[in-house]
Amino acid sequence: MTLCSIGVIARHYGVSPSTIRRWVEKGVIQTEGRTFGGHRRFRKPAVQSAETAERKIVGYA
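Residues numbered from 1 in each chain as written. Predicted model: local features only at pLDDT ≥ 70, side-chain atom pairs only at ≥ 80, totals over all residues. Heavy atoms only, no water.

Undergrad: Give me the overall build of the protein chain: which residues, what numbers.
TA: Secondary structure assignment for the protein chain yields two helices and three strands. In the protein chain, the succession of helices and strands from N to C terminus is β-α-α-β-β. Counting only contacts in the protein chain whose residues sit at least 6 apart along the sequence, the fraction spanning at least 24 positions is 52%. Carbon and sulfur atoms make up 51% of the accessible area of the protein chain, which amounts to about 5000 Å² in all. (Helix = DSSP H or I, 4+ residues; strand = E, 2+ residues; numbered from the N terminus. Contact = heavy atoms within 4.5 Å. Areas by Shrake-Rupley, 256 points an atom, 1.4 Å probe, with all protein chains shown as cover.)

Undergrad: Talk me through the packing of aromatic side chains; I want residue IDs and the actual numbers.
TA: Summed over all chains, the structure comprises one aromatic pair. Between the aromatic rings of Y13 and W23, the centroid separation amounts to 5.9 Å while the plane-to-plane angle is 75°, which identifies the pairing as edge-to-face. One end of the pair, Y13, is in helix α1 (residues 6-13); the other, W23, is in helix α2 (residues 17-26), and ten residues separate them in sequence. (Phe/Tyr/Trp six-rings, centres within 6.5 Å; stacked < 30°, edge-to-face > 60°.)

Undergrad: Pulling in residues and values, what's your account of the nonpolar core?
TA: Core analysis: the largest hydrophobic core is formed by seven residues, namely C4, I6, I9, A10, I20, I29 and F42. Other than its neighbours up to four places away in sequence, F42 contacts T2, L3, C4, S5, I6, I9, I20, V24, I29, Q30, T31 and E32. (Core = buried A, V, L, I, M, F, W, Y, C linked by side-chain atoms within 4.5 Å. Buried < 20%, exposed > 50% of the residue type's maximum accessible area, 1.4 Å probe, protein only.)

Undergrad: Tell me about the environment of S16, and please be specific about residues and values.
TA: As for its position among the elements, S16 is in the loop between α1 and α2. A residue is classified by how much of its surface remains accessible, and S16, at 31% relative accessible area, is partly exposed. In this structure, the C-alpha to C-alpha distance between S16 and I6, residues ten residues apart in sequence, is 9.2 Å.

Undergrad: Could you give an account of the packing of α1 against α2, with specific residues and numbers?
TA: Put simply, α1 and α2 touch, their axes get as near as 8 Å, and they point 95° apart. Classed by the angle they form, the pair α1 and α2 counts as roughly perpendicular. Residues I6, I9, A10 and Y13 of α1 form the contact with α2, whose own contacting residues are P17, I20, R21 and W23. (Axes fitted to C-alpha atoms, helices over the stretch in contact; angles between N-to-C directions. Parallel < 35°, antiparallel > 145°, perpendicular 65-115°, else oblique.)

Undergrad: Explain the sheet that holds strand β3 (residues 40-43) to me, using residue names and the numbers behind them.
TA: Overall, antiparallel pairing links the three strands, which are arranged β1-β3-β2 in an open sheet. At either end of the open sheet lies a strand with only one pairing partner, and these are β1 (3-4) and β2 (33-34). Sheet topology places β2 next to β3; two bridges connect them, and they run antiparallel. Among the inter-strand pairings, R34 is bridged to a residue of β3, identified as R40. Here α1 sits on the sheet in contact with β1 and β3, set at roughly 45° to β3. (Pairing = 2+ DSSP bridges.)

By themselves, these are just geometric observations and shouldn't be taken as functional.
Following this line, the structure appears as structure tokens:
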């Protein structure tokens, strides 16, 4: 099992680390645990990354 930092997971989904923290609070994703220093660790997602996924562009006015 590979555990990743919040930065790696944020880059994977194409969002900021603060968004990942918010998703954890809401229960959208789960942490696998914390380090002794209190840093969150996540399981490496098995889905394709945001760089390889087809993304939609949404414009706001």
